[in-house]
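# Fold and contact review
Here is what each chain is made of, one letter per residue.
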Amino acid sequence: MLEALDATLLARLQFAFTVSFHFIFPSFTIGLASYLAVLEGLWLWTGRSVYLDLFKYWVKIFALVFGMGVVSGVVMSYQFGTNWAVFSDRAGPIIGPLMAYEVLTAFFLEAGFLGVMLFGMNKVGRGLHFAATLAVAAGTFISAFWILSANSWMQTPTGYVINAAGQFEPADWLAIIFNPSFPYRIVHTVFAAYLTTALVVGGVAAWHLLRDRANDAATEGVRVMFSMAMGMITVVAPLQILAGDQHGLNTLEHQPVKVMAMEGHFKSYTDGAPLILFGWPDRAAGETLYAVEIPKASSLILKHSLDAPMAGLNSVDRKEWPPVAIVFWAFRIMVGLGMAMLGLAAFSLLARFRHRLYDWKLLHLLALVMGPMGFVAVIAGWVTTEVGRQPYTVHGLLRTAESVSPLQAPAVATSLLAFIAVYCILFGAGIFYILRLMSHSPHRGEEGPERGQPVRAAGLTPSPIVPESLTSPGGGN
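All of the points below concern the structure found in this document. (Residues numbered from 1 in each chain as written. Predicted model: local features only at pLDDT ≥ 70, side-chain atom pairs only at ≥ 80, totals over all residues. Heavy atoms only, no water.)

## Examining the overall build of the protein
If you tally the helices and strands in the protein, you get 15 helices and six strands. In terms of overall dimensions, the protein has a C-alpha envelope of 95 × 70 × 45 Å along the principal axes. Contacts in the protein between residues far apart in sequence, at least 24 positions, make up 77% of those at least 6 positions apart. In the protein, 29 side chains carry a positive charge and 29 a negative one; their mean positions are 8 Å apart. (Helix = DSSP H or I, 4+ residues; strand = E, 2+ residues; numbered from the N terminus. Contact = heavy atoms within 4.5 Å. Lys, Arg positive; Asp, Glu negative; His and termini not counted. Charge placed at Lys NZ, Arg CZ, Asp CG, Glu CD.)

## Examining helix H8 (residues 220–254)
End to end, H8 covers 49 Å across 35 residues, agreeing with the expected 51 Å (1.5 Å per residue, within 8%). Where H8 bends most, at Val236, the angle is about 30 degrees, and the proline Pro238 comes one to four residues later. (Expected span 1.5 Å × (residues − 1). Bend = angle between axes of the 7 residues up to and from the residue.)

## So, the nonpolar core
The biggest cluster of nonpolar side chains holds 69 residues, and the ones touching the most others in it are Trp58 and Ile61. Tallying contributions element by element places helix H3 (residues 49–82) first for this core, with 14 residues. What Trp58 contacts, discounting residues up to four positions off in sequence, is Phe28, Leu32, Tyr35, Leu36, Leu39, Val200, Val201, Val204, Met225 and Met438. In this structure, Phe87, Val404, Ala409 and Ala413 belong to the second largest nonpolar core, which totals 31 residues. (Core = buried A, V, L, I, M, F, W, Y, C linked by side-chain atoms within 4.5 Å. Buried < 20%, exposed > 50% of the residue type's maximum accessible area, 1.4 Å probe, protein only.)

## Some points on the pattern of salt bridges
In a structure, side chains of opposite charge can pair up when their charged atoms sit close to one another. The final tally for this structure, using the stated rule, is five salt bridges. Of the charged contacts in the structure, one is a salt bridge between Glu320 and Arg399, with a shortest N-O distance of 2.4 Å. With a gap of 79 residues between them, Glu320 in the loop between helix H10 (297–303) and helix H11 (324–353) and Arg399 in strand E6 (residues 398–399) connect regions that are remote in the sequence. (Salt bridge = Lys/Arg side-chain N within 4 Å of Asp/Glu carboxyl O.)

## Topic: the environment of Leu98
Turning to its location among the elements, Leu98 is positioned in helix H4 (residues 85–119). Spatially, the C-alpha atom of Leu98 lies 23 Å from that of Gln255, the residues being 157 residues apart in sequence. Excluding residues within four positions of it along the chain, Leu98 makes contact with Trp146, Ser149, Ala150, Trp173, Ile176 and Ile177.

## A closer look at the packing of H4 against helix H5 (residues 126–155)
Closest axis-to-axis distance for the H4/H5 pair is 7 Å, and the angle between their directions is 170 degrees. By the angle between their directions, the pair H4 and H5 is classed as roughly antiparallel. (Axes fitted to C-alpha atoms, helices over the stretch in contact; angles between N-to-C directions. Parallel < 35°, antiparallel > 145°, perpendicular 65-115°, else oblique.)

## Regarding the packing of H8 against helix H9 (residues 256–263)
Running from N to C, H8 and H9 cross one another at 125 degrees; their axes reach a closest spacing of 5 Å. With respect to each other, H8 and H9 are oriented oblique. For the pair H8 and H9, the contacting residues are Gly248, Thr251, Leu252, Glu253 and His254 in the first and Pro256, Lys258 and Val259 in the second.

## Observations concerning the environment of Cys424
In this fold, Cys424 is placed in helix H14 (residues 409–439). When the C-alpha atoms of Cys424 and Ala261 are compared, they prove to be 32 Å apart, with 163 residues separating the residues in sequence.

## Some details on a nonpolar patch on the surface
Taken together, the side chains of Val103, Leu104, Phe107 and Phe108 present a nonpolar region at the surface, about 360 Å² in accessible area. Relative to the assigned elements, Leu104 resides in helix H4. (Patch = residues over 30% accessible without salt bridge, like charges linked within 9 Å, V, L, I, M, F, W, Y side chains within 5 Å. Areas by Shrake-Rupley, 256 points an atom, 1.4 Å probe, with all protein chains shown as cover.)

## So, the pairing of strand E4 (residues 287–294)
Pairing between strand E3 (residues 275–282) and E4: six bridges, direction antiparallel. When the bridges of E4 are listed, Asp282 appears paired with Glu287. What sits between the antiparallel neighbours E3 and E4 is a turn of four residues, in which Gly286 has the positive phi angle 70 degrees. (Pairing = 2+ DSSP bridges.)

## Structural notes on unusual backbone geometry
The omega torsion across Gln390 and Pro391 is 15 degrees, close enough to zero to call that bond cis. In this structure, Pro391 sits in the loop between helix H13 (373–389) and strand E5 (392–394). In this model, Tyr290 sits at a positive phi of 55 degrees, which is unusual for a non-glycine residue. Position of Tyr290 relative to the elements: it lies in strand E4. One non-glycine residue, His304, adopts positive backbone phi at about 60 degrees. Note that His304 resides in the loop between H10 and H11. The exposed category is assigned to His304, whose relative accessible area is 54%.

## Thoughts on the environment of Asp307
Looking at the element boundaries, Asp307 is found in the loop between H10 and H11. Judged by its relative accessible area of 46%, Asp307 falls in the partly exposed class. Asp307 sits eleven residues away from Lys296 along the chain, and the two C-alpha atoms are 6.9 Å apart. Within polar-contact distance, the side chain of Asp307 engages the side chain of Lys296 at 2.7 Å. (Polar contact = N/O pair within 3.5 Å; in protein donor to acceptor, adjacent residues only side chain to side chain.)

## Structural notes on the side chain of Thr197
Mapped onto the elements, Thr197 comes out in helix H7 (residues 182–211). When its relative accessible area of 4% is taken as the criterion, Thr197 is described as buried. In this view, Thr197 contacts Ser27, Phe28, Gly31 and Leu32; residues no more than four positions away in its chain are not counted.

## Observations regarding the packing of aromatic side chains
For the structure on display, the rule yields 26 aromatic pairs. A centroid spacing of 5.5 Å and a plane angle of 45 degrees characterise the contact between Phe17 and Tyr423, whose relative ring orientation is tilted. You can see Phe17 sitting in helix H1 (residues 7–23) and its partner Tyr423 sitting in helix H14, a full 406 residues away along the chain. Members of the aromatic cluster, each reached through a chain of ring pairs, are Phe17, Phe21, Phe25, Phe419, Tyr423 and Phe427. Here Arg332 stacks its cationic end above the ring of Phe328, 3.6 Å away from the centre of that ring. Seen from the ring of Trp360, Arg356 lies directly overhead, with NZ or CZ sitting 4.7 Å from the centre. (Phe/Tyr/Trp six-rings, centres within 6.5 Å; stacked < 30°, edge-to-face > 60°. Lys NZ or Arg CZ within 6 Å of the ring centre and 35° of its normal.)

So, in structure tokens, the structure goes:
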């Protein structure tokens, strides 16, 4: 079964599987942590109990998602040593500190205040609890900052020197952290996290609005979170498209081969390149078959000129080509879903102006369908970014084939199959439980995660009364 595979391909598949599974959790927690902070702030500001009920409803889901994100993230770290030892040795002096900064500044911050946020509502003052919620939200953003800085450096490496052992060593930490693609990537990713969260919240609210069409006080919480979710999508979806456009221009400047694959341009164009909407990239033939295209539109989008020349993949060695078909279709899935989000935002805005936000069934059906699409979009975006960087781990400097550990294919295949089995069982159970929580609508007097927890630690529990005979001199003899 493994004759057609090698250790490098299997290691790539294993990392792709684990990081894809992991990515869905941070993309949710970053946005959900900010949403919780907004809900608690609105409760403190307005005094409306509906915001507190929504906070308690979503904080339980946040706790589960956060825990699964941490567990799945630890697994990826180990793979740098098991499957990518050469990469760790070569790039470790730069990637290692960036990952350590993430732990020291973000993970410790989140871990320090998470318990207060989850279980301290009735144990600390309102101000301190809100500060803890803000700290957790800030921690998720700081974590994204360092992780994306490390990833962006691998895409656009700067600020390094190569020592005699072939290792990348830091020469300018500011240039490393704020490398050319980092500002665009972090804005694009954070917007994606906010959209993902808004779509989930909107999808859950739509589900309950479809189940209970009565617009009375019992569904106040559902209506509030649906309105907030649609409002967030209306604001962020256009901003995300703008951020994506700027990110694309930056990619064209620093990673033009990736853009050639995204656009499906095998040949060069001297007087304007078409925008290929659909087609089938044939790597062997060096052309995109059955292409449906808009003449000169790609040059207009990427270079803001209809007649601007665009280089194609035929201008570079085939050894520098990424897997074109994967990049081509992943990019279209991401962009297509982005346009669908913009359409949902426009529809919700129309419904709001017509005062039908809570009773327009078609809008609720579309919101329900779009609920999980944020996760699909972020995975498609990740595939576009990472597969488009191939055949390099550090763009232009360290090839993927040179980064893998000296392992045999059966060993990597065994661990890959084990990961698939364990992830499907454990995380499948966790996701099933999250869906169960979402299936119940928020209600007045919503219980937080403290329900059913012990009131005091075991060490402080009063012990049984000891008989006087055992405490008196000579007792027990």
